[in-house]
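Reading the structure
Now for the letters of each chain:
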Amino acid sequence: MSTVLSPKVGENRLSEMLSDEIAIETRGWAARWYAEMLIELFLSDGAKSKSEKFSTLSLGDKIKEISPYYSKSIIDDLYTIEHVGNQASHFNSEREVAEDEVSVAVNKAVRLFDLILIDELKISGLENTPNTATLLSTTLPSIRVNVLREFVNLESIDNEYEMAVLDKYLLALVKNGQREKARRLTKKLLKKSVLNDFQYKCLENKINIIHSNLDSLPVAKSIEDCKRNFEDVLASMSPDELEKNANFIRLLKIMYNSVTPSDFGEAKGNTVYLQ
């Protein structure tokens, strides 16, 4: 199962970044290229509206230009990738490129899309419409885990929304092959009295049901599966929902551009299991 989504245009650089057989300098350069590609595709609209020369700027200047529009997490990670990528791209007899620094840059590069989605959902809201979270579910389980981790409240459950986010986070863990982590978390929340006995038993039951039915669920294992699920969800949304989720949908469309969707096969789309 893939754990990273990459636009088709970036697949070769992604392979270079993640390969242990590629020279460390090349991996650092590839991370820099990959980050610049993501800026152009996902993060440049605001800056381009103010400067026609944006695409000709250096990577550092591009990061500076987009900084008013995005979170500190994204901007800091981009500067880290740029710094490492610049070192990897230029010969310096007095300094070798450090493998641990390149590994950090690569990890930040492959995490950037997750941060982009987090930024969008912090603005528009995970509860924006009934299908907003369903749109998120068209991504890979690993991405959903990373995104939902930013929204889940593990200190208290005060309303239905917080319970729903916890539910989605736990099920994302299960679908990501982390069932035991989900079970340990529910036990911890019960012990801390964040969950009561009834809530705990319902979540535990649902975790087990989903785990036992994983083979029949349309859990995305590749970007082709993601595109399939995305088109399925879009087809079920009302014009009002499409409008309210317009920017979130735009980001996902960019990611899934030029991808041929897989078919459902034996999997069942939009399956709901009762607790």
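Right above here is the structure, for reference.
In this convention, every chain numbers its residues from 1, walking through the sequence in written order. Local features are withheld for residues below a pLDDT of 70 in this predicted model, meaning they are given only at 70 or higher, and side-chain atom pairs are given and counted only at 80 or more; totals for whole chains, interfaces and linings count all residues. For side-chain calculations, the full set of non-hydrogen atoms in the structure is used, while hydrogens and water are omitted.

**Quick look at the packing of aromatic side chains**
Rules: Any two of the Phe, Tyr and Trp rings considered here, Trp counted by its six-membered ring, make a pair once their centres fall within 6.5 Å; the pair's planes then place it as stacked at under 30 degrees, edge-to-face at over 60, or tilted in between. Placement of a positive charge over a ring is assigned whenever Lys NZ or Arg CZ falls within 6 Å of the ring centre and within 35 degrees of the normal to the ring plane.
By the definition in use, this model includes three aromatic pairs. The ring of Trp33 is capped by Arg13, whose NZ or CZ atom sits 5.3 Å from the centre of that ring.

**Here's the deal with the environment of Trp29**
The following threshold applies: We count a stretch as a helix when DSSP gives it H or I for four or more residues in a row; a strand needs E for two or more, and each element gets its number in order from the N terminus. Each residue is assigned to one of three classes by its accessible area relative to the maximum for its type, calculated with a 1.4 Å probe on protein chains only: buried under 20%, partly exposed between the two thresholds, exposed over 50%. Whether two residues are in contact is decided by their heavy atoms: any pair within 4.5 Å suffices.
Structurally, the position occupied by Trp29 is in helix α2 (residues 24-43). Overall, the relative accessible area of 35% leaves Trp29 in the partly exposed class. With 13 residues separating them along the chain, Trp29 and Glu16 place their C-alpha atoms 9.4 Å apart. Setting aside residues up to four positions removed in sequence, Trp29 forms contacts with Arg13, Glu16, Ala88 and Ser89.

**Details of helix α14 (residues 246-256)**
To be explicit about the condition: Directions drawn from the helix axis to the C-beta atoms are what define this arc.
Listed as buried for α14 are Phe248, Ile249, Leu251, Leu252, Met255 and Tyr256. Seen along its axis, α14 keeps its buried residues to an arc of 155 degrees; they face one direction. Contacts made by the buried residues of α14 are with α2, α6 (99-124), α7 (132-136), α12 (223-236) and α13 (239-244). A positive phi of about 70 degrees marks Ser258, the residue just after α14.

**Looking at the environment of Ser193**
Secondary-structure assignment places Ser193 in the loop between α10 (179-191) and α11 (197-212). Assessed through its relative accessible area of 63%, Ser193 is described here as exposed. Separated by 37 residues in the primary sequence, Ser193 and Ser156 have C-alpha atoms spaced 8.4 Å apart.

**Examining unusual backbone geometry**
Look at Ser193: it is not a glycine, yet its phi comes out positive at around 65 degrees. Of note, Ser258 is a non-glycine position whose phi angle comes to about 70 degrees, a positive value. Assignment of secondary structure puts Ser258 in the segment after α14.

**Overview of the packing of α10 against α11**
Heads up, the rule is: In this analysis, axes come from line fits to C-alpha atoms, helices being fitted only over the stretch in contact, and the angle between any two N-to-C directions falls in the range 0 to 180 degrees. These descriptions rest on fixed angle ranges, namely under 35 degrees for roughly parallel, over 145 for roughly antiparallel, 65 to 115 for roughly perpendicular, and the rest for oblique.
The interhelical angle for the contact between α10 and α11, taken along N-to-C directions, is 175 degrees, at an axis separation of 10 Å. Taken together, the axis directions place α10 and α11 in an arrangement best described as roughly antiparallel. Packed against α10, whose contacting residues are Arg179, Ala182, Arg183, Thr186, Lys187 and Leu190, the element α11 presents Asp197, Tyr200, Leu203, Glu204, Ile207, Asn208 and His211 at the interface.

**As for the pattern of salt bridges**
To keep it simple, the criterion reads: Basic side-chain nitrogens of Lys or Arg form a salt bridge, by our definition, when they fall within 4 Å of a carboxyl oxygen of Asp or Glu.
Taken as a whole, this structure holds 19 salt bridges when the rule is applied. Between Lys62 and Glu40 there is a salt bridge, with the nearest N and O atoms lying 2.9 Å from each other. Linking Lys62 in helix α4 (residues 59-66) with Glu40 in helix α2, this pair joins segments that are 22 residues apart in sequence. A relative accessible area of 3% places Lys62 in the buried class. Put simply, Asp167 and Lys206 hold a salt bridge, and the shortest N to O gap is 3.3 Å. Within this pair, whereas Asp167 is found in helix α9 (residues 160-175), its partner Lys206 is found in helix α11, the two being separated by 39 residues in sequence. Neither residue differs from the other here; Asp167 and Lys206 are each classed as buried.

**Examining the environment of Asp76**
The condition that has to hold: Think of a polar contact as two N or O atoms within 3.5 Å of one another; within protein, one of them needs to be a possible hydrogen donor and the other a possible acceptor, and neighboring residues in sequence only count if both atoms come from side chains.
The residue Asp76 is located in helix α5 (residues 72-89) in this model. Of the residues examined, Asp76 reaches a relative accessible area of 33% and is grouped as partly exposed. For the pair formed by Asp76 and Lys108, sequence separation is 32 residues and the distance between their alpha carbons is 9.8 Å. Of the polar contacts made by the side chain of Asp76, one reaches the side chain of Lys72; its length is 2.5 Å.

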